[in-house]
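# Descriptive structure summary
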Amino acid sequence: MAKTPKNIAIVGSGLVGSLLALYLRKAGHSITVFDRRPDIRNIQFSGRSINLAMSNRGWKSLRKVGIEDEVKKIAIPLDKRAMHVVGQPLYFQKYGIDGEAIWSISRGVLNRRMIDLAEEAGVEFRFEEKVWDVDLSSAKIFTGETEKGFWEEYSYDVIFGCDGAFSRVRHKMQRRSRFDYSQEFIDVGYKELTIPANIDGTHKLDKYSFHIWPRGKFMLIAMPNLDGSFTCTLFLPFEGEVSFESIKTKEDAKHFFTTYFPNVMQDIENLTHDFFSNPTSAMVTTKCYPWTYWDKVALVGDSAHAIVPFYGQGMNAGFEDIYVLCDLLDNSGDDWSAAFQAYQELRKPNADAIAELSYRNFMEMSSKTADPKFLLQKKIERRFSEKHPKKWIPSYSRVTFSDGSYAEALAIGDAQEEIMKQIMQMPKIEEKWDSEEVEQRILKLL
C-alpha cells in the first residue's frame, strides 16, 4: 500500500464501504466511515434484502485481508440449483465440478460482522451523519441534519464513495464536464419473503440448494439461512396482468401463490403477510465514467456500477474492485493518481460486462430454465465440458468459480453461444445429443 499514511473518509458503511475500510486501515491509514443511516447492528432488518451469493471473487478479496474463515462461519455452501417447474418433479442442476459452490449469506448478518471487524481494526464509524456536499478538489465533505441547516466541514486526503446506486459522492462528480452517466430501471421489482424453519429448527427445503421457481415473466428464488429459514425473493413486473399492481388483497395474494407456487402452500399465511408488510423495491443498472477525480476521490462498488442481481455478482464485483484497487495502491508508492487511473481503466470494461451478463441471466432464470430446448443445450454443454474441461468452460463457471475477467467471460460466452446455435439446429439433436458426431462437430467449430 502507499508509503505515507493518509487521512481517509469513506462514505457508506455497507459491505463495500466496510471492507474497503478494513483494507485501508490494515495498510496503516486513518479511516472514518460516514453513513446517513443508523448503525445496522442496532436495528431490525428492513425486509429489502436479497440473500447474497458469495463466490470465488468475493472469497479471494476476503482472504487477502485475512477474514475469509471468519465469514465462512456465517455462510452455507450451495452446490446446485433446485428447479421447481410447474407440472414437473423437483430436479437439481449441479453448478460445476465437485466442490464448486456459491455461499448463501444474509446481507444484514454479513454487514454487521464486517463493521465489527473494521471497528476492531481501528476504523471510526459515524452513523446518522448525512453527507450533503463534497468538495472534490480539496477532499472536503460537509455533513448536517438537513440540506438547508448548519453543515459540519471535514477535511481529508482522500474520499471514497461507497454509498450505492444513488451515490451522493457520484452526484457531485456528475456535475463536472465530460462525466458520462446513465441509469436504466427494469420493469420488474422485487419483494422479500420468508419461509420459516421447521419447529425443530431444520430447513423445509433442501439446505444446500439455490431454489428457483421460474414462471416466465416472473420468478421466486429462495436461499437458506443458518437459523433454518429461507430468505425468498419474488421478482414480479410492477404492472400488468400478473404483477405487484394486480395483487391488491390478501385473497389476491393467496390465489397468486396457490396458482403459481403450489409447493410453498404450507407457508401461505407467512408469505401473504410478508407480501403486504415488506416494501416493493426497484432494480437499476447504473454506468458512469470516470470513476476518479485526481488523487482525491474514487467511486467503488455500486456507486460506480450498480447492476441487477441476477448473476449474484454485485457484492463480488464490488469486493473485486477493492482487491484490484488496493493491489494497485500497494505497488504505486505514494502515486495515488496513477493507481486511481489504472484502477478505473482496468475495472470499467469488467463492470460493463457483468452488467450485461446479469441482465441476460434474468431472462435465462425466469423463462429459459423451463424451456426443454434450453435445458437440452445446457446438457450438451455440460457433457462436452466434462469431456474437454480445458476447451469449454461454461459462462456461469467462468464468472462464478474463477477470477478471470468479466469482459473475457462475456466475449467467450458469446462465442460459445454462436457454436451452440449451430449444434441445436442439427437434425434429430434430441436423439443424438451425447453422440460422437455432436462432440466432433463442436470440436470442429471451436
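A brief look at the structure comes next. (Residues numbered from 1 in each chain as written. Predicted model: local features only at pLDDT ≥ 70, side-chain atom pairs only at ≥ 80, totals over all residues. Heavy atoms only, no water.)

With that settled, consider the overall build of the protein. The helix and strand tally for the protein stands at 15 helices and 20 strands. Whereas a compact globule of 446 residues would reach a radius of gyration of roughly 22 Å, the protein reaches 23 Å, a difference of no more than 12%. Seen through its principal axes, the protein has C-alpha atoms that stretch 70 × 55 × 40 Å. In the protein, buried positions account for 53% of the 446 residues. In the protein, the proportion of contacts linking residues at least 24 apart, taken out of those at least 6 apart, comes to 69%. Surface summary for the protein: the accessible area is close to 20,100 Å², and the carbon and sulfur share equals 49%. Each charge class in the protein was averaged separately, 58 positive and 63 negative side chains, and the resulting centres sit 2 Å apart. (Helix = DSSP H or I, 4+ residues; strand = E, 2+ residues; numbered from the N terminus. Rg over C-alpha atoms; globule rule 2.2 N^0.38 Å. Buried < 20%, exposed > 50% of the residue type's maximum accessible area, 1.4 Å probe, protein only. Contact = heavy atoms within 4.5 Å. Areas by Shrake-Rupley, 256 points an atom, 1.4 Å probe, with all protein chains shown as cover. Lys, Arg positive; Asp, Glu negative; His and termini not counted. Charge placed at Lys NZ, Arg CZ, Asp CG, Glu CD.)

Let us now look at the pattern of salt bridges. Evaluated as defined, the whole model comprises 32 salt bridges. In this structure, the salt-bridge partner of K60 is D403, at a minimum N-O distance of 2.8 Å. Here K60 is found in helix α2 (residues 56–64), whereas its partner D403 is found in the loop between α12 (395–400) and α13 (406–424), with 343 residues between them in sequence. On the basis of relative accessibility, which here comes to 25%, the residue K60 falls in the partly exposed class. Residue classification places D403 among the partly exposed positions, given a relative accessible area of 41%. (Salt bridge = Lys/Arg side-chain N within 4 Å of Asp/Glu carboxyl O.)

Another aspect to go through is unusual backbone geometry. Here Y289 and P290 are connected by a cis peptide whose omega angle stands at 5°. Tracing the backbone through its elements, the reader meets P290 in the loop between β18 (284–289) and β19 (292–293).

Following the criterion strictly, the structure yields 28 aromatic pairs and no others. Taking the centre distance of 6.3 Å and the plane angle of 50° together, the rings of Y190 and F235 count as tilted. Residue Y190 is found in strand β14 (residues 188–195), and its partner F235 is found in strand β17 (residues 230–237); the two are separated by 45 residues along the sequence. Here Y190 matches F235 in class, with each residue buried. Relative to W294, the ring of Y293 has its centre 4.6 Å away and its plane inclined at 25°; by these criteria the two rings are stacked. The class for Y293 is buried, based on a relative accessible area of 9%. Take W294: its relative accessible area is 52%, and that puts it in the exposed class. Three or more aromatic residues joined by ring pairs form one cluster here, namely F218, F238, F244, F256, F257, Y260, F261, F275 and F276. The ring centre of Y396 lies 5.2 Å from the NZ or CZ of R81, which sits over that ring. (Phe/Tyr/Trp six-rings, centres within 6.5 Å; stacked < 30°, edge-to-face > 60°. Lys NZ or Arg CZ within 6 Å of the ring centre and 35° of its normal.)

It is worth spelling out the nonpolar core at this point. I10, L20, M54, L110, F160 and F319 are the most contacted members of the largest nonpolar core, which has 70 residues in total. By size, the runner-up hydrophobic cluster in this structure holds 38 residues, among which are Y190, A317, A355 and A409. (Core = buried A, V, L, I, M, F, W, Y, C linked by side-chain atoms within 4.5 Å.)

As a packed pair, helix α1 (residues 15–26) and helix α9 (residues 314–330) sit with axes 10 Å apart at the nearest point and diverge in direction by 25°. Here α1 is positioned roughly parallel relative to α9, judged by the angle of their axes. You can see that α1 and α9 cross each other, and the crossing is right-handed. Note on element contacts: α9 touches α1 through M315, G318, F319, I322, Y323, L325, C326 and L329, opposite L15, V16, L19, L20, Y23 and L24. Of the residues that constitute the contact of α1 with α9, the class distribution is 13 nonpolar, one polar and no charged. (Axes fitted to C-alpha atoms, helices over the stretch in contact; angles between N-to-C directions. Parallel < 35°, antiparallel > 145°, perpendicular 65-115°, else oblique. Left-handed = near helix turned anticlockwise from the far one by under 90°. Nonpolar A, V, L, I, M, F, W, Y, C, P; charged D, E, K, R; others polar.)

Every α-helical turn comprises 3.6 residues, leaving residues that sit three or four positions apart pointing alike. Inspection of α2 places R57, G58, W59, S61 and L62 among the buried residues, and these make up the whole buried set. G66 occupies a position one or two residues after α2 and carries a positive phi of about 80°.

When helix α6 (residues 250–260) is considered as a whole, its buried residues turn out to be A253, F256 and F257. One face of α6 carries all of its buried residues, which in axial projection span an arc of 90°. For α6, the exposed residues lying more than 90 degrees away from the buried face are E251 and H255. The inward-facing, buried residues of α6 contact β14, β17 and α7 (268–277). (Arc of directions from axis to C-beta.)

On to the sheet that holds strand β9 (residues 130–135). What the three strands build is an open sheet, ordered β9-β10-β11; its pairing is antiparallel. The sheet is open, and its two borders are formed by β9 and β11 (151–155), each paired with just one other strand. Between one strand axis and the next, the sheet turns by 25° as a mean value, whatever way the strands run. Summarising the sheet, β9 and strand β10 (residues 140–144) pair through five bridges and their orientation is antiparallel. For V134, the partnering residue across the bridge sits in β10 and is I141. (Pairing = 2+ DSSP bridges.)

Enumeration according to the criterion identifies zero disulfides in this entry. As a non-bridged cysteine, C162 has C326 as the owner of its nearest cysteine sulfur, 10 Å distant. (Disulfide = S-S within 2.5 Å.)

This paragraph deals with the pairing of strand β15 (residues 209–214). Extensive coverage of β15 is indicated by the burial of six of its six residues. Residues S209, H211 and W213 line one face of β15 and the alternating positions F210, I212 and P214 line the opposite face, and both faces are buried. Where strand β5 (residues 80–83) meets β15, four bridges bridge the pair, whose relative direction is parallel. When the sheet's bridge partners are listed, K80 is paired in β15 with S209. As judged from the four bridges shared by β15 and strand β16 (residues 219–224), these two strands associate in the antiparallel manner.

On to the sheet that holds β14, then. Overall, mixed pairing links the six strands, which are arranged β6-β5-β15-β16-β17-β14 in an open sheet. With partners counted over all chains shown, the strands left at the sheet margins are β6 (91–94) and β14, one partner each. Strand-to-strand twist of the sheet, defined as the mean angle between neighbouring strand axes without regard to direction, takes the value 25°. Note: β5 against β6, four bridges, orientation antiparallel.

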